[in-house]
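# Working through the structure, step by step
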Amino acid sequence: MAEKATTVLIVGSGASAGPIAFELARAGIDVMILEKGDWCENHPLNEDELAQTRLEMYRPSGELDPTLVYSKGELVSESSRIGQSFYLVGGGTVRYAGTSWRFRTQDFRKLSLYGAVPGSSLVDWPLSYEELEPYYTKAELEIGISGNVGEDPTEPQRSKNVLLPPLKGDSYQERLMKAARGLGWHPFRIPLALHSQSSKRTGANACMLCGWCSGYPCMYNAKSAVSLSLYPRALKTGKLQIKTRAYATRILVDARDRVTGVEYMDLDTNQSHVMQCRILVLAASAVQTARLLLQSTSGRFPNGLANSSGMVGRNLMFHIEAKGSAVFDDDFHQGYYKKVGIHDFYFPQSGDPFVNHRSIQSGSKPSPIAFASSLSGYGEGFMQALRKGFLHTQELQCMVEDLPQLGNRVTLSATRRDAWGMPAPEVHHAYHEMDRHALESAILRMRQLLEAAGGREISVPKTASTNITGRYTWHLMGTARMGHDPAESVLNSDGMAHDVANLWVVDGSAFPTSAGLNPTLTMQAFSFRAADRLKLAMKEGRV
Amino acid sequence: MTEQSRQGWTRRVFLRGLLNWSLLAGLWPLAWGNESALAFPTLQSPPPGMDPEEWRVIDLVMNEILPGTSTMPSATRAGVMTYLTRAMRNQLPGWRLVRKPPFVRRENQGGGYARLLGHYRMAVRRLNGLSQGSFNKGYAALSPAERAEITRRFSESAKTDVGYRIEGVSEAARASTSELFQLLRRHAIEGYFSDPRHGGNTDFEAWRAIGHTHHWNYQPSHPPHS
């Protein structure tokens, strides 16, 4: 059943949907978002550890809506939630820790810097940091990022400092920074999508420093989720509509292979509908965007829409991460998650057997269930460890670039379907040998910092964990990579599909490489840029 | 004293007496030094599909996992069994509020672990089987030292699993003993450290014991924003 058409239809409402929806609506263009989830309720359980981390409010059922995960060819999970982080308007930004970096200039030119890597489909981005820079500034301003300029030794140049002041630190931050400086390193405060002060622009409140950010909706409307920072202002224009509980199942094309609309299921009624559009933007994250494209076959695109290159679904990237913890003499209470960063080893050092970029970031003290679960054993010794360790345990984390590989990909299951009859996505992934070496190197640096900071009973992984298990559901990139050559990429540098002029992709699918940094701000900058490019294309009649 | 206030006073005396007698009745098991049998006001009852003897075994093993110490409450005192009572009936609060269809099947709208009943029963059978094999009596009848030994073996049995097979239990039958122990431990931790709204962490005692203040007790250096 056809419905009223819209000009621009966006699938997904997360980090990268927000900027383009915001910009287009403010430009007077009709925009409709289809979101599988719902608005986040302002609910007391939003700060409940059991409800959020074990009962997993706001997350889909892995049994009814599964992603199958294959690690080096072996099925490791039949009901993972990879690629389906949260069924919420605002997506992962409602519950993330808010780490918001600009990629380094070098992250955009990996092939030029390091040369070809056997086994990896390493490439340069088709756009430079300098081309994206104005949009990083725009994202920081409109979304609300707190931090400081000039502390991070690898930080790229910026045209303007629009950051809110950095958040107030605590004793763990001070301890880490002092220890790092003692090692001759250059610690810095991590830029965060948390408002250090209230903002008339975004409508957010000042952060209460309660520490319940990562994995929880913010109880105080201080986290810069796009559902707070962008959608309310966009909705006020009267040009944006957000249709919730709408599951996009297929992209429709005409005889000229132009997108005409999206078939979606109303999850309240289980009825299918069609939303017609002039332009389609996909922002559903790298697994779901690839899945939707692969499901949408046609005469010209038997292997999935816009897939003449064969690259849709390929080059899937995560990040590799490891956590370390230590016990200190101080008492620590809950604090916001990412306080201190170390980038002295972001780039490979001379002689390193890898080209991966890496970041070391502070974690935070775990909350009670997580802490108890991290310890082994039971009985009286376990109880003593709980009491002795809880207030004194803190964490560090390292994040390593996942080199792209053609064989790491999203496909459609031939046998398994979700509760609505659509083929379940399959994720196939194996880390590159360089990924492992890079992680092991980063783990050694983590241990070094924890020791220098006075940590005891230091716990870090002995070796890099072998492969994904199906529990890592974020930082998804690469499955519709951009590039200059239509034979080897899906999108151009604007985010427009080479094969289909009125199809755009603005989420992490577009990324050719993953950097060693959380990708959200870069996705948002890319989305703001895509909005500008799309407006120009519409004005010039190219779409 | 008016008639109305006399009636109120009489009612209060009656209710207070009833409460006192109830508490005294509940305290009787202390005479046998068995804290886990203490009748706390929220008395736990086995979920459908388990009998009281099986539930008693779960109670005992939970207290082996999380025993009371001079500074930390035991599993029972912390309300772990109350939590489990709700969890095994899919009655954990909040789940029903937000797991709206079609995100979960309608028959599983309640929050919890009723689907793991088979695993719990399998765990009981494995514990009883180990106990019978070593001491010719069930787990609940063991002395504290014997129970400690059997629990240790239960927790380590991934290496020496004797492979008990119980007809009629499908998925649970494939679970190793170590996996079953980890499941019980996981739920013990949840009951112990989750917010009291879920039935455990009675009076926030577990949180207080480890010094957790939760977000609504701000750090002194970070007063609430006005």
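Note: the structure precedes this text.
Described below are features of the structure shown in this document. (Residues numbered from 1 in each chain as written. Chains lettered and ligands numbered in written order. Predicted model: local features only at pLDDT ≥ 70, side-chain atom pairs only at ≥ 80, totals over all residues. Heavy atoms only, no water.)

Once that is clear, we can look at the environment of Ala525 of chain A. Residues and elements named next belong to chain A. For Ala525, the location among the structural elements is in helix α12 (residues 520-539). Residues Ala525 and Pro134 lie 391 residues apart in sequence; the distance between their C-alpha atoms is 8.3 Å. Excluding residues that lie within four positions of it along the chain, Ala525 makes contacts with Leu132, Tyr135, Tyr136 and Ala139. (Helix = DSSP H or I, 4+ residues; strand = E, 2+ residues; numbered from the N terminus. Contact = heavy atoms within 4.5 Å.)

Think of a pair of aromatic rings as described by two things: how far the centres are apart, and how the planes are tilted against each other in angle. Evaluated as defined, the whole model comprises 21 aromatic pairs over all chains. When the centroid spacing of 5.9 Å and the interplanar angle of 75° are considered together, the rings of Trp101 of chain A and Phe188 of chain A count as edge-to-face. Placement of Trp101 of chain A in the loop between β4 (74-80) and α3 (110-114) and of Phe188 of chain A in strand β5 (residues 188-189) is noted, with a sequence separation of 87 residues between them. Seen from their ring centres, Tyr172 of chain A and Phe328 of chain A are 5.9 Å apart, and the 65° between their planes marks the pair as edge-to-face. With Tyr172 of chain A in helix α5 (residues 171-182) and Phe328 of chain A in the loop between β10 (319-327) and β11 (340-342), this residue pair connects regions lying 156 residues apart in the sequence. In terms of burial, Tyr172 of chain A and Phe328 of chain A fall into one category: buried. Members of the aromatic cluster, joined through ring pairs, are Phe103, Phe108, Trp125, Tyr129, Tyr136 and Phe511 of chain A. Sitting over the face of the ring of Phe345 of chain A, Arg445 of chain A holds its NZ or CZ atom 3.8 Å from the ring centroid. Across from the ring centre of Tyr139 of chain B, 5.9 Å away, lies the NZ or CZ of Arg147 of chain B, which sits over that ring. (Phe/Tyr/Trp six-rings, centres within 6.5 Å; stacked < 30°, edge-to-face > 60°. Buried < 20%, exposed > 50% of the residue type's maximum accessible area, 1.4 Å probe, protein only. Lys NZ or Arg CZ within 6 Å of the ring centre and 35° of its normal.)

Residue and element names in this part refer to chain A. With antiparallel pairing, the six strands of this open sheet are ordered in space as β5-β11-β12-β13-β10-β16. Edge positions in the open sheet fall to β5 and β16 (456-459), since each of these has one partner strand only. Across two bridges, β10 lies against β16 in antiparallel orientation. Following the sheet pairing, Val327 is matched in β16 by Arg456. (Pairing = 2+ DSSP bridges.)

A word on the packing of helix α2 (residues 52-65) of chain B against helix α8 (residues 177-193) of chain B. All names here are of chain B. Between α2 and α8, the shortest axis-to-axis distance is 10 Å and the interhelical angle comes to 75°. As far as their axial angle goes, α8 and α2 are roughly perpendicular. Residue-level inspection shows Ile58, Val61, Met62 and Ile65 of α2 in contact with α8, the latter providing Phe181, Leu184, Arg185 and Ala188. For the contact of α2 with α8, the class distribution of residues is seven nonpolar, no polar and one charged. (Axes fitted to C-alpha atoms, helices over the stretch in contact; angles between N-to-C directions. Parallel < 35°, antiparallel > 145°, perpendicular 65-115°, else oblique. Nonpolar A, V, L, I, M, F, W, Y, C, P; charged D, E, K, R; others polar.)

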